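A look at the structure
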Amino acid sequence: MQDTMGIILTESEDVTLRELTEMRSTAALPIAGRYRLIDFVLSGLVNSGIINVGVATKHKYLSIMDHLGAGSSWDLQREHYGLFILPPYANYEKFGNLAGDLDVLMGIMPYLRRSRQKYVILTEGNTVCNITFQEAMRQHKETEADITVIYREETGEPSRFLMLETEADGHICDLAFRPQYSKSRKAAMDMFIMEKELLIRIIEGAAARGEHSFVMGALVRRQESLRMYGWEFKGYARKVDSVASYFDCNMDVLREEVQTALFCKEEPIFTKVKNRVPTRYGDSAALSSCLVADGCVLEGHAENCVFFRGVKLGKHSHLKNCIVMEKSHIDTNCVAENVIFDKECLMREGRRLTGQPNYPIIIRKGAVI
């Protein structure tokens with residue numbers, strides 16, 4: 001796919017991750033023990049043979065810059081093309097404040113124009129899946145589509161998705177943006193394939209009309225004038241756009257079938273490498289159905305938990321259905337259930353925290369309990 005480039009948007013509209021994204025972009029949110037959300041779609045682009053990837057940021061982009069660096073962990077540190085982190089306001093004088101993703105795309109127009117690839121895969125960075133794009137690109141060319149929308153069958157609330165209806169040949173006959181009710185279960189994964197020149201025309205036309213949303217301005221309002229097809233992705237995928245969906249996604253990764261679907265040898269998920277010592281388990285440690293990264297010291301009890309790098313769990317502490325991010329410390333005799341600990345949290349001896357599975361407690365980064 002040397003004729004294709006990728007663009008990843010690090011911010012998604014109407015995302016409600018509360019304290020988890022106070023200091024980081026949505027795409028930089030840690031997940032599954034050692035990854036960030038952006039790792040999944042970025043790895044998918046790399047595994048598809050794409051060597052020109054632009055990461056378009058909006059705000060709170062320091063964490064994504066620190067994580068991606070020059071792109072060496074994804075084999076994108078290259079003399080020609082490679083990984084480009086595109087900060088906001090690159091073209092500020094022409095369009096004003098960043099009200100939506102179309103404004104972000106308008107700001108990266110110089111990058112789009114100088115890239116020589118014919119096609120572009122535009123995607124948001126908050127979907128956890130293991131996807132490659134060769135088959136979708138093949139269909140896009142065979143159908144001579146203007147835009148190919150990658151979708152999956154979704155049983156969740158349609159009000160979270162762009163819903164589409166397709167004919168037998170895959171042609172999209174109707175689009176509905178976050179409807180309260182939809183007879184179709186086909187939900188777009190916020191991944192779109194099109195020619196680069198078409199994307200440029202869409203961006204410039206929408207900007208001239210004062211529009212700010214790519215989905216509304218470029219797709220829904222222009223669906224009758226564009227030849228659009230859908231391509232179904234049949235693997236595991238979860239959109240992370242709320243605290244509940246983030247919590248559920250981490251709990252999903254504890255299941256063997258999800259691990260097999262996400263982390264296969266043929267299409268690996270790459271991430272930033274951090275060399276740490278192996279995790280040390282104390283004599284009193286007892287863990288059941290947990291995902292544990294390296295560098296931890298675990299001496300307590302845990303069930304259905306995700307431990308990131310460098311976590312410490314004290315003796316006689318009991319954790320259930322918890323997500324404990326990097327360098328957090330749970331002291332002795334603590335109890336926690338349905339809790340998300342952000343990075344570098346400290347839970348002092350004897351404390352108790354209990355949330356609900358559909359409304360977990362969030363402990364913000366660096367907090368002391």
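Look up a bit, the structure's there.
So, here's what we can say about the structure. Small disclaimer: the values here were computed from a predicted structure and weren't measured.

Attention now moves to the pairing of strand β6 (residues 119–124). Most of β6 sits out of view: 6 of its 6 residues are buried. Going residue by residue along β6, you find Y119, I121 and T123 tucked away on one face and V120, L122 and E124 tucked away on the opposite face as well. Here 6 bridges tie strand β1 (residues 4–9) to β6, and the two strands are oriented parallel to one another. Considered in β6, the bridge of L9 is made with E124. Across 5 bridges, the pairing between β6 and strand β11 (residues 186–195) is antiparallel. The partner of L122 across the bridge, within β11, is F192.

As a further point, take the environment of F177. Structurally, F177 is set in strand β10 (residues 172–177). With 150 residues separating them in the primary sequence, F177 and A27 have C-alpha atoms 22 Å apart. With near-sequence residues (within four places) excluded, F177 lies in contact with F161, L162, V215, M216 and V220.

Moving on, we get to the pattern of salt bridges. The full count for this structure, using the stated rule, is 22 salt bridges. Residue E22 pairs with R364 through a salt bridge whose shortest N-O separation is 2.6 Å. Here R364 lies in the segment after β28 (361–363) and E22 lies in the loop between β1 and β2 (30–31), a separation of 342 residues in the sequence. Since its relative accessible area comes to 43%, E22 is described here as partly exposed. Between D252 and R238 there is a salt bridge; the shortest N-O distance is 2.9 Å. Note that D252 is positioned in helix α9 (residues 243–253) and R238 in strand β13 (residues 237–239), a separation of 14 residues in sequence. Given a relative accessible area of 9%, D252 falls into the buried group. The partly exposed category is assigned to R238, whose relative accessible area is 25%. A single network of salt bridges, built from pairs that share partners, joins R18, E19, E22 and R364.

Reading the values: the criteria
Residues numbered from 1 in each chain as written. Predicted model: local features only at pLDDT ≥ 70, side-chain atom pairs only at ≥ 80, totals over all residues. Heavy atoms only, no water. Buried < 20%, exposed > 50% of the residue type's maximum accessible area, 1.4 Å probe, protein only. Helix = DSSP H or I, 4+ residues; strand = E, 2+ residues; numbered from the N terminus. Pairing = 2+ DSSP bridges. Contact = heavy atoms within 4.5 Å. Salt bridge = Lys/Arg side-chain N within 4 Å of Asp/Glu carboxyl O.

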